[in-house]
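Residues per chain, in single letters:
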Amino acid sequence: MTDMTSYLGWKIDYGQPVGEPAFLDPGSVHWRVYKNPIALAVGGVAAVLLEFADPRIRSGVWDHSTFKTDPIGRSRRTGVAAMVGVYGPQSAARRVIQGVTNMHGRVAGNTPSGEAYKALDVELLDWVSATAGYGFLNAYDRFVSPLSEAEKTRFYEEAGPIARLYGVQSSPKSNADVLGMMQMLAPRFEPHPIVTEFLDIIQSGQAAPGTPKFLHRAVGRASVSLLPSVVRQKLALGAEYDLTATDRIALTAAGKLADRIPVPGSAPCEASKRLGLPANFLYLSRGTQERLLAERPASSSAGVPETAG
């Protein structure tokens, strides 16, 4: 998702304007989590499954987007919007968020059972936002690097201001808050062929053809493993989606490797440079990151080295 250079016709440049802050600081937990493609892949699929459990969201996505004809492209565009919110300059993030909100304003209809919905319904906005945070945070914690309870709390606190720009009114402050929201919505949850069709696409390898197919299957199963048991039961996702020991070992190895290797030109690297930090800032030791943040001028417009040791 980080190689897309435009969104809704707007050019995305994480490196410019030099010095313009993001909504989140480079020392945030979000910057650490969102740089990892395994966490984004597993967490993103888990979030979609949680959203699709509710027929109002599932119908809105299926009937008013390109998801049924281009699910990978649509998912990538959603991912880019999230990346811009974390790493992009605030001016670009505001523009993208407003564009998403404008699109959502046109989404309304009825579920197959006849229940009316609007994408801007607060209950739906709150749930979609909560599922994204829950998915990314728990995928990173489980398959990349364990996070402390304090770090998890920080992650949810950091998400609140950006979520409110999307119209979210109740932003969770913990996993427990997400589960509380889920319990209120769970009576609506139901299985649907769209859910298994989506998982089939993920496991087929279409999202990243150059990646070994077994890793795609592992991502699908890992995503299901993040679902609370009541959601998995409601969606009727049986034993064929159980995460195996081999899946876990492969994903964890890939996640830890990706957490150490910067990708030149990627959003995390370009955003770091924009803010006066080395491109590999997020891949350095925590102590080195803290030192660089402490040494950074309050406002920096000077060029920075591509990497730092």
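The coordinates are above.
So, here's what we can say about the structure. Because the structure is a prediction, the values reported are computed rather than measured. (Residues numbered from 1 in each chain as written. Predicted model: local features only at pLDDT ≥ 70, side-chain atom pairs only at ≥ 80, totals over all residues. Heavy atoms only, no water.)

**Topic: the pattern of salt bridges**
Here's step 1: Tallied over the entire structure, the rule returns 16 salt bridges.
Here's step 2: The salt bridge partner of Glu151 is Arg32, with a shortest N-O separation of 3.1 Å. Taken together, the positions of Glu151 in helix α7 (residues 149–165) and Arg32 in helix α1 (residues 29–34) put the pair 119 residues apart, joining distant regions of the chain. Grouping residues by exposure puts Glu151 and Arg32 together as buried.
Here's step 3: Arg154 is the partner of Glu158 in a salt bridge, and the nearest nitrogen-oxygen pair spans 3.5 Å. In this pair, Glu158 and Arg154 are both assigned in helix α7, 4 residues apart and thus about one turn of the helix distant.
Here's step 4: On the accessibility criterion, Glu158 (14% relative accessible area) is buried.
Here's step 5: For Arg154, a relative accessible area of 35% translates into the label partly exposed.
Here's step 6: Several salt bridges converge on common partners, so that one network encompasses Arg32, Glu151 and Arg286. (Salt bridge = Lys/Arg side-chain N within 4 Å of Asp/Glu carboxyl O. Helix = DSSP H or I, 4+ residues; strand = E, 2+ residues; numbered from the N terminus. Buried < 20%, exposed > 50% of the residue type's maximum accessible area, 1.4 Å probe, protein only.)

**Here we look at the packing of helix α9 (residues 193–204) against helix α10 (residues 213–225)**
Here's step 1: Look at α9 against α10: their axes get within 7 Å of each other, and the N-to-C directions meet at 145°. Facing Leu199, Ile202, Gln203 and Ser204 of α9, the residues of α10 in contact are Lys213, His216, Arg217, Val219, Gly220, Arg221 and Val224.
Here's step 2: Its residues placed into classes, the contact of α9 with α10 shows 4 nonpolar, 4 polar and 3 charged. (Axes fitted to C-alpha atoms, helices over the stretch in contact; angles between N-to-C directions. Contact = heavy atoms within 4.5 Å. Nonpolar A, V, L, I, M, F, W, Y, C, P; charged D, E, K, R; others polar.)

**Some remarks on unusual backbone geometry**
Here's step 1: Residue Pro17 is reached from Gln16 by a cis peptide bond, and omega for that bond is -10°.
Here's step 2: When you line up the elements, Pro17 lands in the loop between β2 (10–11) and α1.
Here's step 3: A positive phi is found at Ala236, a non-glycine position, where the angle reads about 55°.
Here's step 4: Tracing the chain through its elements places Ala236 in the loop between α11 (229–234) and α12 (245–258).

**Describing the nonpolar core**
The nonpolar side chains of a soluble globular protein tend to be buried, and buried together.
Here's step 1: The biggest cluster of nonpolar side chains holds 86 residues, and the ones touching the most others in it are Trp31, Tyr34, Val42, Leu49, Tyr87, Trp127 and Leu251.
Here's step 2: Broken down by element, the residue count for this core peaks at 10 residues, all from helix α2 (residues 37–52).
Here's step 3: If sequence neighbours within four positions are ignored, Trp31 has contacts with Ala22, Leu24, Asp25, Pro26, Val86, Tyr87, Ala271, Ser272, Leu275 and Leu282. (Core = buried A, V, L, I, M, F, W, Y, C linked by side-chain atoms within 4.5 Å.)

**Quick look at the packing of aromatic side chains**
Working definition: an aromatic ring pair is given by the centre-to-centre distance plus the angle between the planes.
Here's step 1: Enumeration according to the criterion identifies 5 aromatic pairs in this entry.
Here's step 2: For the pair Phe155 and Tyr156, a centre-to-centre distance of 6.0 Å together with 85° between the ring planes defines the contact as edge-to-face.
Here's step 3: Accessibility expressed as a relative area gives 1% for Phe155, which makes it buried.
Here's step 4: For Tyr156, a relative accessible area of 4% gives the class buried. (Phe/Tyr/Trp six-rings, centres within 6.5 Å; stacked < 30°, edge-to-face > 60°.)

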